Amino acid sequence: MNASAAHQAWSSHYLPIYSWLIMPFSALGANWLLNPLLAGLSVLMTWKMARTVFPEYPGAPIVATLGLAVWPQFLVTSMTFYSWPAHFLVTAAWITLYYMRQRWAYWLLPWIGLIALGLHQPVVHLCFVAPFFIDLLLRKQWKWLAYFAFVYATAFTAWYLWLHAARPEIQATVDSVFSLPGIASIFIQIHNLILTLAWTPIPYVLLFFLGFPNKWKWNATTPIFLGIALTVAFYFFYIRDQGHGWGYRYIYGILPNVILIACVGYERLSSYLGPIRSRSFLVIGLVVTGVLLVPLRAYQVETFVSPFAKLHRMIKCSDVDYVILDSEYNPYAKDFVRNTPNLTNRPLVFNRQKLTDAQFLHLTSTGDTRIIDGDDLRALGLRKFEKPQND
């Protein structure tokens, strides 16, 4: 959240659609339910997507959906409060409608794009959708190209104005996080590639590379592949690492693209090895992933999250007016500074590094205060970071 003293208002760092989606669930006290629900819908949509894109491959829907059952990144992220499961579902739905090649679907598509742009950051959908504009151009779909361009331009302008109104400093932020690739960017991207592979089911790594275009000729799957390439290329100029995330979260919105390319790879593998051997390869790989990789990732998630869960309980169980966190020891501690906009919750939580000495003395003298310092965080199992980490 962004607090503006000048406007006396709170505003989100992100666009609002995902927040609007979670609002009714929060009102019912079940905000944890949204992403598992989106994940379930994504499985169904993935089946439909693969059958629509590859009607000539009867096994494509099975290959596409089986992997999700043991896809560590998909399983773990579906249990978080990230907006990425919504991106996954919207991407799969967009691809499905596009390849239906029906008028009603094309009328609807850019409006789904409006929703996708406003989920949290517009660049996620823009990198995905740009190659489809080229596809419309090459197929000489002039009317649809003009219609898509008009709706998308209007939607992007509207969301940009929304974001600029909420965060007037947005231009300065953009200028500070993009630069020409350097050694740091190359290192970060290599790290992100390793993360992506390490959180992907074992057989799908090979299937994805097998599905790469072997001829540089534009065809039905070219915009799907280019959506992946453009997303990776965009973040190559993004000089920060992702901070939080399970696997490489910036690629999550185009996982449907990755799955479809893997379906192409499976068909090629079948032509090389025959249907029985390729099916055995897939089944054995999925079993190994489910038996070895998924439990390993679950253990890593629990190990990482456990100290933060203990900190959350420590704060909530503190029978005081104020809790002051020392985020200098571990910058992620500042993520626990969460108060209601009207400040009626107790205890109120503050970041010591954001308080002046006068404010600190005022809090400690006007109410019961608990200070959680580096020793407390160390006892909970949190590591010390020498330098602040990127958000």
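Just so you know, these numbers come straight off a predicted model, no measurement behind them.

Rules used in this analysis
Residues numbered from 1 in each chain as written. Predicted model: local features only at pLDDT ≥ 70, side-chain atom pairs only at ≥ 80, totals over all residues. Heavy atoms only, no water. Helix = DSSP H or I, 4+ residues; strand = E, 2+ residues; numbered from the N terminus. Expected span 1.5 Å × (residues − 1). Buried < 20%, exposed > 50% of the residue type's maximum accessible area, 1.4 Å probe, protein only. Contact = heavy atoms within 4.5 Å. Pairing = 2+ DSSP bridges. Axes fitted to C-alpha atoms, helices over the stretch in contact; angles between N-to-C directions. Patch = residues over 30% accessible without salt bridge, like charges linked within 9 Å, V, L, I, M, F, W, Y side chains within 5 Å. Areas by Shrake-Rupley, 256 points an atom, 1.4 Å probe, with all protein chains shown as cover. Salt bridge = Lys/Arg side-chain N within 4 Å of Asp/Glu carboxyl O. Phe/Tyr/Trp six-rings, centres within 6.5 Å; stacked < 30°, edge-to-face > 60°. Lys NZ or Arg CZ within 6 Å of the ring centre and 35° of its normal. Parallel < 35°, antiparallel > 145°, perpendicular 65-115°, else oblique. Nonpolar A, V, L, I, M, F, W, Y, C, P; charged D, E, K, R; others polar. Polar contact = N/O pair within 3.5 Å; in protein donor to acceptor, adjacent residues only side chain to side chain.

Participant: I tried to follow helix α5 (residues 84-100) on my own but got confused; where do I start?
Facilitator: The α-helix winds at 3.6 residues per turn, so residues separated by three or four positions along the chain end up facing the same way. Between the first and last C-alpha of α5 there are 25 Å, a value that for 17 residues agrees with the 24 Å anticipated at 1.5 Å per step. The element α5 is extensively covered by neighbouring structure, given that 16 of its 17 residues are classed as buried. Just downstream of α5 lies Arg 101, where phi reads positive at about 60°.

Participant: Could you clarify how one ought to interpret helix α3 (residues 60-69) in this entry?
Facilitator: By the criterion of burial, α3 is predominantly enclosed, with seven of the ten residues buried. Listed as buried for α3 are Ala 60, Pro 61, Val 63, Ala 64, Thr 65, Gly 67 and Leu 68. Elements that come into contact with the buried residues of α3 comprise α2 (34-53), α4 (72-77), α5, α11 (202-210), α13 (255-273) and α14 (275-316).

Participant: Explanation requested: the sheet that holds strand β4 (residues 348-351) in the structure shown.
Facilitator: The strands making up a sheet are joined through hydrogen bonds of the backbone, oriented either antiparallel or parallel. Across the sheet, three strands lie side by side as β4-β3-β5; this open sheet has parallel pairing. The outermost strands of the open sheet, each flanked by one partner alone, are β4 and β5 (369-372). The sheet shows a mean angle of 20° between the axes of neighbouring strands, taken without regard to direction. Where strand β3 (residues 322-325) meets β4, four bridges bridge the pair, whose relative direction is parallel.

Participant: Would you mind going over the environment of Val 337 with me for this structure?
Facilitator: By the secondary structure assignment, Val 337 is in the loop between β3 and β4. Distance from Val 337 to Val 291, taken between C-alpha atoms, is 38 Å for residues 46 residues apart in sequence. Once you skip the residues sitting within four places of it in the chain, Val 337 turns out to touch Leu 325, Val 349, Phe 350 and Asn 351.

Participant: Help me understand a nonpolar patch on the surface, please; the structure alone is not making it clear to me.
Facilitator: On the surface, a cluster of nonpolar side chains totalling about 610 Å² of accessible area is made up of Ile 202, Val 283, Ile 284, Val 287, Val 288, Val 291 and Leu 292. Relative to the elements of secondary structure, Ile 202 occurs in helix α11. Looking at Ile 202, the relative accessible area reads 45%, which means it is partly exposed.

Participant: It is not clear to me how the packing of aromatic side chains should be interpreted in this structure. Could you clarify?
Facilitator: Two measures describe an aromatic ring pair: the distance that separates the ring centres and the angle between the ring planes. Per the counting criterion, the structure on display carries 36 aromatic pairs. Plain terms: the ring middles of Tyr 98 and Tyr 106 are 5.3 Å apart, the flat faces sit at 15° to each other, and that makes the pair stacked. Side by side, Tyr 98 and Tyr 106 carry an identical accessibility label, which is buried. Among the aromatic residues, those joined into a cluster by ring pairs are Trp 94, Tyr 98, Tyr 99, Tyr 106, Trp 107, Phe 128, Phe 132, Phe 133, Trp 144, Tyr 147, Phe 148 and Tyr 152. Positioned over the ring face of Phe 360 is Arg 352, at 4.2 Å from the centre of the ring.

Participant: I would appreciate a short explanation of the pattern of salt bridges in the present structure.
Facilitator: A side chain of one charge can pair with a side chain of the opposite charge if their charged atoms are brought near each other. Applying the stated criterion across every chain, the model contains three salt bridges. For Arg 378, the salt bridge is made with Asp 375, and the minimal N-O distance between the two is 2.7 Å. Of the two residues, Arg 378 and Asp 375 are both situated in helix α16 (residues 374-380); the distance of three residues between them amounts to about one turn of the helix.

Participant: Just checking my understanding: could you explain unusual backbone geometry for this structure?
Facilitator: Negative phi characterises most residues that are not glycine, and trans characterises most peptide bonds. Here the residue pair Arg 346 and Pro 347 is connected by a cis peptide bond, since its omega of 0° sits within 30 degrees of zero. Within the secondary structure, Pro 347 sits in the loop between β3 and β4. Not every positive phi belongs to a glycine, and Arg 101 is a case in point at roughly 60°. Note that Arg 101 resides in the loop between α5 and α6 (103-117). Classification of Arg 101 as partly exposed rests on a relative accessible area of 38%. Look at Leu 343: it is not a glycine, yet its phi comes out positive at around 55°.

Participant: I would appreciate a short explanation of the pairing of β3 in the present structure.
Facilitator: Every regular strand shows the same layout, with side chains that alternate between the two sheet faces. In β3, alternate side chains face the same way, and those of Tyr 322 and Ile 324 on one face and Val 323 and Leu 325 on the other are all buried. Relative to β5, β3 runs parallel, the two sharing four bridges. When the bridges of β5 are listed, Leu 325 appears paired with Ile 372.

Participant: Could you clarify how one ought to interpret the packing of α11 against α14 in this entry?
Facilitator: Any two packed helices are characterised by how steeply their axes cross, that is the angle between the axes, and by the distance between the axes. Two numbers describe how α11 lies on α14: the axes approach to 7 Å, and their chain directions differ by 135°. Looking at the two axes, α11 sits oblique to α14. Together, Ile 202, Pro 203, Tyr 204, Leu 206 and Leu 207 of α11 and Phe 281, Leu 282, Gly 285, Leu 286, Val 288 and Thr 289 of α14 make up the contact between the two elements. When the residues that make up the contact of α11 with α14 are grouped by side-chain class, the tally is nine nonpolar, two polar and no charged.

Participant: Mind showing me how you'd approach the packing of α11 against α13 here?
Facilitator: In the contact formed by α11 and α13, the axes pass within 6 Å of each other and the chain directions differ by 85°. Relative to α13, α11 is oriented roughly perpendicular. In this structure, α11 contributes Tyr 204, Leu 207, Phe 208 and Leu 210 to the contact, and α13 contributes Val 258, Ile 261, Ala 262, Gly 265, Tyr 266, Arg 268, Leu 269 and Tyr 272. Grouping the amino acids of the contact of α11 with α13 by side-chain chemistry returns ten nonpolar, one polar and one charged.

Participant: Teacher, can you tell me more about the side chain of Thr 65 here?
Facilitator: For Thr 65, the location among the structural elements is in helix α3. For Thr 65, a relative accessible area of 14% corresponds to the buried category. Within polar-contact distance, the side chain of Thr 65 engages the backbone oxygen of Pro 61 at 2.8 Å. The contacts of Thr 65, once residues within four sequence positions are left out, are Val 43, Thr 46 and Trp 47.

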